[in-house]
Amino acid sequence: MFGTESSLSMFLNTLTPKFYVALTGTSSLISGLILIFEWWYFRKYGTSFIEQVSVSHLRPLLGGVDTATPNNNSSSSSSSSNGETDSSRQSVSECKVWRNPLNLFRGAEYNRYTWVTGREPLTYYDMNLSAQDHQTFFTCDSDHLRPADAIMQKAWRERNPQARITAAHEALELEDCATAYILLAEEEATTIMEAERLFKQALKAGELCYRRSQSLQHHSTQYEAQHRRDTNVLVYVKRRLAMCSRKLGRTREAVKMMRDLMKEFPLLSMFNIHENLLESLLELQNYADVQAVLAKYDDISLPKSATICYTAALLKARAVSDKFSPEAASRRGLSTAEMNAVEAIHRAVEFNPHVPKYLLEMKSLILPPEHILKRGDSEAIAYAFFHLQHWKRVEGALNLLHCTWEGTFRMIPYPLEKGHLFYPYPICTETADRELLPTVFHEVSVYPKKELPFFILFTAGLCSFTAMLALLTHQFPELMGVFAKAFLSTLFAPLNFIMEKVESILPSSLWHQLTRI
């Protein structure tokens, strides 16, 4: 034992200051590289790489994963997990990606932005979702019976835009094909007027197919699927024609077209046409009709959206915002109308906390994506892009929003196990928004703000500490050498003390045998 201690002491005495400089410098470099990688990974994916690896790979090895219990094991366990199941179901539904009801035209708007700025406003994930939507809405199993539809079925699956446009022209050479006109209006038309002209041709062809399939829909399942596809095509074309009228300044005509479409197809809520109608009515400043639409769709049994919640807040703010003063309100208290407006703003902010920064122009807007995530940054961009002008038009509305929106977070429990007026804010929004939004030139808004992971703080501290040791060792080699020897001696002192006690208790012959083993 004493030989081991003397050899350790001799080894420490032979170490030169250069060794300590190299050791601390290398440690600082390695921890610095880990810190840079961890920071980059956190900025890109919103989580720590080391923590993710620990949870994904090390935790199962250590037995940290809960084993699944069989279904219907006992009625008591089933009832106790009821609330958790409902909460998880709600979280899944709120993390569903929805088609943006106000999405722009790819050829006339998105592509023009690319030509001017050289930036791609749409992500591959977003465009892939659109391709899946088009295949769902505009194709059916019987497309192979009509040559033009067979060509379009392949066209919707094409990744190359030019190949899709070429296929649409080939389909039109065979017959008047509504879906071919839709593709050309969406992707080839470079102006809204040109898109409107193509959609009118699509409407003429689509109505003919719709009437034909409507009379045959009960003959077989094949005709029923064909009629369902023709209905989707007709609704899509009429909605896009209404949007063209809105963009070309014919807002009253657009409102009439949307109302007629909602009356003709009341069950097709997947297109969310009422959100287009709300935006057009706000443009006309027809607030009574806006309130009537909200009365129908702002119902507890129907899914909410930023458009519904923030439009309701705007209407209540409009009643008091022109005379609202924070100083006067703090002196006399809030009136009933002001309290209603503030509560409506708090409700809207709880549903989507990302919107106020765009409305108050604290964060720059980009073109909205073709798909949105409810309660996420993508939905906030889509709402603010079209509705910021309506908030500016109401005198004092943005001032009231500025004074009251942050008060929402004082009412929401933290951490977010439960919400105040809505279900807890879903944790999946950031990941989906990073896929939907072009993160190259847009910083995704995150709520709640994530604290820096422990391993980033740890590696930052380790890097700083070892860098300081390397600098001190380089400047004061002899002093730091003495300090290092003293530190190591102190570190090993408890071990030496234990070994001495063990030596004194055990017989020397036994210790000799153990050391030989």
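Residues numbered from 1 in each chain as written. Predicted model: local features only at pLDDT ≥ 70, side-chain atom pairs only at ≥ 80, totals over all residues. Heavy atoms only, no water.

As annotated in an unreviewed UniProt entry, the protein carries the name Suppression of tumorigenicity and is attributed to Knipowitschia caucasica. The record held by UniProt for the protein lists under Sequence similarities (unreviewed entry) the comment "Belongs to the ST7 family." Recorded in UniProt under Subcellular location (unreviewed entry), the annotation for the protein is "Membrane". (UniProt positions renumbered as here; feature names shortened; annotations may be inferred.)

Caption draft 1: Region of the structure containing the packing of helix α12 (residues 221–247) against helix α14 (residues 273–283). At a minimum axis distance of 11 Å, the contact between α12 and α14 shows a crossing angle of 15°. Taken as axis vectors, α12 and α14 run roughly parallel relative to one another. The handedness of the crossing between α12 and α14 comes out as left-handed. Between α12, through Val-235, Arg-239, Met-243 and Arg-246, and α14, the contact on the second element is made entirely by Ile-273, Asn-276, Glu-279, Ser-280 and Glu-283. A class-by-class count of the residues in the contact of α12 with α14 yields three nonpolar, two polar and four charged. (Axes fitted to C-alpha atoms, helices over the stretch in contact; angles between N-to-C directions. Helix = DSSP H or I, 4+ residues; strand = E, 2+ residues; numbered from the N terminus. Parallel < 35°, antiparallel > 145°, perpendicular 65-115°, else oblique. Left-handed = near helix turned anticlockwise from the far one by under 90°. Contact = heavy atoms within 4.5 Å. Nonpolar A, V, L, I, M, F, W, Y, C, P; charged D, E, K, R; others polar.)

Caption draft 2: Quick look at the packing of helix α7 (residues 124–138) against α12. With their axes 7 Å apart at the nearest point, α7 and α12 run at an angle of 120° to one another. As judged from the angle between their axes, α7 and α12 are oblique. Between α7, through Thr-136, Phe-137 and Phe-138, and α12, the contact on the second element is made entirely by Arg-229, Asn-232, Val-233 and Tyr-236. For the contact of α7 with α12, the class distribution of residues is four nonpolar, two polar and one charged.

Caption draft 3: Geometry of the nonpolar core. Formed by 91 residues in total, the largest nonpolar core has its most connected members in Met-152, Ile-182, Phe-199, Tyr-310, Leu-359 and Trp-391. For this core, the element with the most residues is helix α16 (residues 306–318), which contributes nine residues. Apart from the residues within four sequence positions on either side, Tyr-310 is in contact with Ala-348, Val-349, Asn-352, Val-355, Pro-356, Leu-359, Tyr-383 and Trp-391. Core analysis: the next-biggest nonpolar cluster, separate from the first, contains six residues, Leu-102, Leu-104, Leu-367 and Phe-386 among them. (Core = buried A, V, L, I, M, F, W, Y, C linked by side-chain atoms within 4.5 Å. Buried < 20%, exposed > 50% of the residue type's maximum accessible area, 1.4 Å probe, protein only.)

Caption draft 4: How the structure looks around α7. The end-to-end C-alpha distance of α7, which contains 15 residues, comes to 21 Å, matching closely the 21 Å that a straight helix rising 1.5 Å per residue would cover. Those residues of α7 not exposed but buried are Asp-126, Leu-129, Ser-130, Ala-131, Asp-133, His-134, Phe-137 and Phe-138. The inward-facing, buried residues of α7 contact β1 (97–99), α6 (106–117), α10 (178–188), α12, β2 (371–373) and α22 (429–436). (Expected span 1.5 Å × (residues − 1).)

Caption draft 5: Seen up close, the pattern of salt bridges. Here the structure, examined in full by the defined rule, presents 20 salt bridges. In this structure, Arg-99 engages Asp-133 in a salt bridge whose closest nitrogen and oxygen atoms are separated by 3.3 Å. With a gap of 34 residues between them, Arg-99 in strand β1 and Asp-133 in helix α7 connect regions that are remote in the sequence. A relative accessible area of 18% means that Arg-99 is categorised as buried. Judged by relative accessible area, which is 18%, Asp-133 ranks as buried. Where Arg-250 meets Glu-253, a salt bridge forms, and the shortest distance between an N and an O atom there is 2.8 Å. Taking relative accessible area as the criterion, Arg-250 reaches 30% and is therefore assigned partly exposed. Judged by its relative accessible area of 37%, Glu-253 falls in the partly exposed class. When salt bridges that share partners are traced, they join Arg-106, Arg-164, Glu-187 and Glu-370 into one network. (Salt bridge = Lys/Arg side-chain N within 4 Å of Asp/Glu carboxyl O.)

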